[in-house]
Amino acid sequence: MSGAAAVDGAARYDHYRLYRVELATDEQVQLFQQLEAKSDSCTFYGHARQPGQQLTIMVSASKVADFEDLLALHAVSGRVLERNMQQLIEREAATVQPASIDPSQMDWDHYFQLETIYAWMELLAERFPGAVSTLDIGTSYEGRPIRGVKLSRRPGNKAIVVEGGIHAREWISPATATFLLHELVTSEDPTVRELGTAYDWFFFPIVNPDGYRFTFTGDRLWRKNRKPYGLCRGVDLNRNFDSNWGGVGSSDDPCSYDFSGSGPFSEPEAVALADFVRNNVGPARIRTYIALHSYSQLLMFPYGHTADRVPNYDHLRSITEKGIAALTAVSGTSYRGGSKYETIYPSSGGSIDWAYRPGGVPVSLTFELRGPPDSTDMFILPADQIRLVGKETLAAFVAIVQEAARLGYYDS
């Protein structure tokens with residue numbers, strides 16, 4: 001292993017198994033709701049909600065026999081996606097560069113640590129002083145800066161904000177954010193060049209720096225920030241925004257992966273992002289907010305907490321459809337689109353919902369990047385896919401902005 005040499009005391013997942021189960025009946029749904037509430041040996045990626053739903057669950061090695069027995073006893077259809085999660089993590093670790101690497105060595109064939117990405121952002125600003133600048137919008141719970149990059153080549157532009165790394169373990173998110181930023185700054189392709197000239201861009205590749213760093217030093221599958229709450233640590237920052245805060249699809253249990261915090265904006269990272277949008281939506285003319293997540297291959301818009309349609313639902317539907325068509329045209333990757341509520345699962349307190357309203361950004365979107373919903377890689381996407389994800393996501397960005405422009409969202 002290179003940069004991610006196993007740290008003493010780091011979490012290990014030897015012989016942990018990943019299952020994909022299909023819930024066919026109300027009884028099975030209730031069974032898995034009880035299992036999630038009671039078992040600390042089963043890690044759920046999503047909550048059991050309704051019959052017909054598929055669910056990914058990681059089961060610790062010591063409980064595999066019990067879990068297999070449960071599936072058989074209750075006639076639940078399930079298959080093993082991965083037999084040893086630690087193997088996936090170790091395979092990936094060979095593609096991680098050490099934190100001490102020179103930031104000029106940054107590429108999109110490896111995964112990079114927080115320190116390198118921040119230093120690379122500074123380097124980009126030094127190399128392109130007329131167009132690129134860095135900005136720190138706040139400080140994390142553990143005292144790290146929440147760093148962004150502004151790209152601006154023309155006064156009076158409308159602006160687009162790109163959020164990455166709100167969930168620590170989704171490494172493809174910061175990798176894609178930096179790929180897109182690099183392309184917008186350096187590409188000679190006339191379409192990409194135009195996109196990077198006709199609009200101002202604000203990139204925040206790692207809005208959860210404490211969590212991201214912890215995935216390299218403590219637990220590769222960590223999701224939340226690192227603020228302590230009693231026995232457990234961390235708030236799901238994408239449940240901490242003041243948009244139906246504490247509602248459906250969030251938890252008031254600090255030990256849960258989607259714990260929403262002690263109140264709306266209880267977390268400094270969410271406050272920093274919201275303050276930035278609030279203070280700049282007018283002066284910087286922010287018209288689009290795009291969050292990058294993984295995984296499931298989805299492109300979504302508000303809301304997460306209700307089936308009620310936003311006023312510009314048809315426009316957002318058209319924008320996402322154009323984005324998906326362009327993305328798929330690059331290498332055939334299939335995506336689904338729609339509102340968050342109708343496409344993935346109900347959720348409350350999300351950044352794009354807040355950015356849309358009350359934030360006032362009319363085109364607010366979330367990508368769930370590769371792999372597919374039944375991915376065996378989950379958040380551990382091989383580094384040899386970073387460039388492919390970057391290229392297809394860039395194509396989607398071009399189409400999204402072109403369609404939003406056609407619909408008048410960047411008019412004065």
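All values derive from a computational prediction rather than experimental measurement. Every chain is numbered independently, its residues counted from 1 as its sequence is written. With the structure being a predicted model, the display of local features is reserved for residues of pLDDT at least 70 and the display and counting of side-chain atom pairs for 80 or more, all residues being used for whole-chain, interface and lining totals. Side-chain figures throughout are based on the complete set of non-hydrogen atoms in the structure, without hydrogens or water.

Draft legend 1. Quick look at the UniProt feature "domain: Peptidase M14" (unreviewed entry) in the protein. UniProt positions are given in the numbering used here, feature names are shortened, and annotations may be inferred rather than shown by experiment. Cross-referencing UniProt, the feature "domain: Peptidase M14" (unreviewed entry) maps to residues 110-404 in the present numbering. Each helix is a run of H or I in the DSSP string that is no shorter than four residues. Each strand is a run of E no shorter than two, and both are numbered from the N terminus. Within residues 110-404, the helical portion is 37% and the strand portion 19%, while the C-alpha atoms at the span's ends are 33 Å from each other.

Draft legend 2. The arrangement of the sheet that holds strand E2 (residues 42-45) in detail. Should DSSP find at least two bridges between two strands, the strands are taken to pair. Taking strand neighbours across the sheet as the criterion, the four strands line up as E2-E3-E1-E4 in an open arrangement whose pairing is antiparallel. The open sheet has two free edges, formed respectively by E2 and strand E4 (77-82), since each of these has just one partner strand. Strand-to-strand twist across the sheet, computed as the mean angle between neighbouring axes with direction ignored, equals 30°. In this sheet, strand E3 (residues 53-59) lies alongside E2 in antiparallel orientation, the contact comprising four bridges. Only the stretch in contact is used when a helix axis is fitted, and all axes are lines through C-alpha atoms; the angle between N-to-C directions ranges over 0 to 180 degrees.

Draft legend 3. Just the layout of surface pockets, in detail. Put simply, the largest pocket is a space of about 850 Å³. For each structure, a 1 Å grid was placed over the protein atoms alone; sets of points admitting a 1.4 Å probe that cannot get out are labelled cavities, open sets with protein on both sides within 12 Å along at least five of seven lines are labelled pockets, and lining residues have an atom within 4 Å of a point. Lining the largest pocket are 32 residues, with Cys 42, Thr 43, Cys 255, Ser 256 and Tyr 257 sitting closest to its centre. For the lining of the largest pocket, the secondary structure elements donating two or more residues are helix H1 (26-38), E2 and strand E10 (232-233). In terms of residues, the lining of the largest pocket owes the most to one element, E2, which gives four residues. Basically, the charged four are Asp, Glu, Lys and Arg, the nonpolar ten are Ala, Val, Leu, Ile, Met, Phe, Trp, Tyr, Cys and Pro, and anything else, Gly included, counts as polar. Of the residues assigned to the lining of the largest pocket, the class counts are 13 nonpolar, nine polar and ten charged. Grid points are joined across faces, edges and corners, and a volume is the space filled by probe spheres set on the points. Its boundaries defined by the atoms lining it, the second largest pocket holds a volume of some 700 Å³. In terms of lining residues, the second largest pocket is bounded by 37 residues, among which Tyr 45, Ser 296, Leu 298, Ile 344 and Tyr 345 are the most central. Secondary structure elements with two or more residues in the lining of the second largest pocket: E3, strand E11 (286-294), strand E12 (298-301), helix H10 (340-343), helix H11 (351-356) and strand E14 (363-369). Class assignment for the residues of the lining of the second largest pocket results in 13 nonpolar, 14 polar and ten charged. As used throughout, domain bounds are those supplied by an automatic or database domain assignment. When residues of the lining of the second largest pocket are assigned to domains, at least three map to each of domain 1 (17-83) and domain 2 (100-224 + 237-407).

Draft legend 4. Local environment of the state of the cysteines. Disulfides are defined as cysteine sulfur pairs within 2.5 Å. In the structure shown here, the tally under the stated rule is one disulfide. Two residues, Cys 232 and Cys 255, share a disulfide whose sulfurs are 2.0 Å apart. Here Cys 232 and Cys 255 share a disulfide; its torsion about the S-S bond, 90°, makes the bridge right-handed. Residue Cys 232 is located in strand E10, and its partner Cys 255 is located in the loop between E10 and helix H8 (268-280); the two are separated by 23 residues in the primary sequence. Here Cys 255 falls in the partly exposed class, since its relative accessible area comes to 45%. In this structure Cys 42 is a free cysteine whose sulfur lies 16 Å from that of Cys 255, the closest cysteine sulfur available. What makes Cys 42 buried here is its relative accessible area of 10%. Relative accessibility thresholds used throughout: buried, under 20% of the residue-type maximum; exposed, over 50%; partly exposed, between the two (1.4 Å probe, protein chains only).

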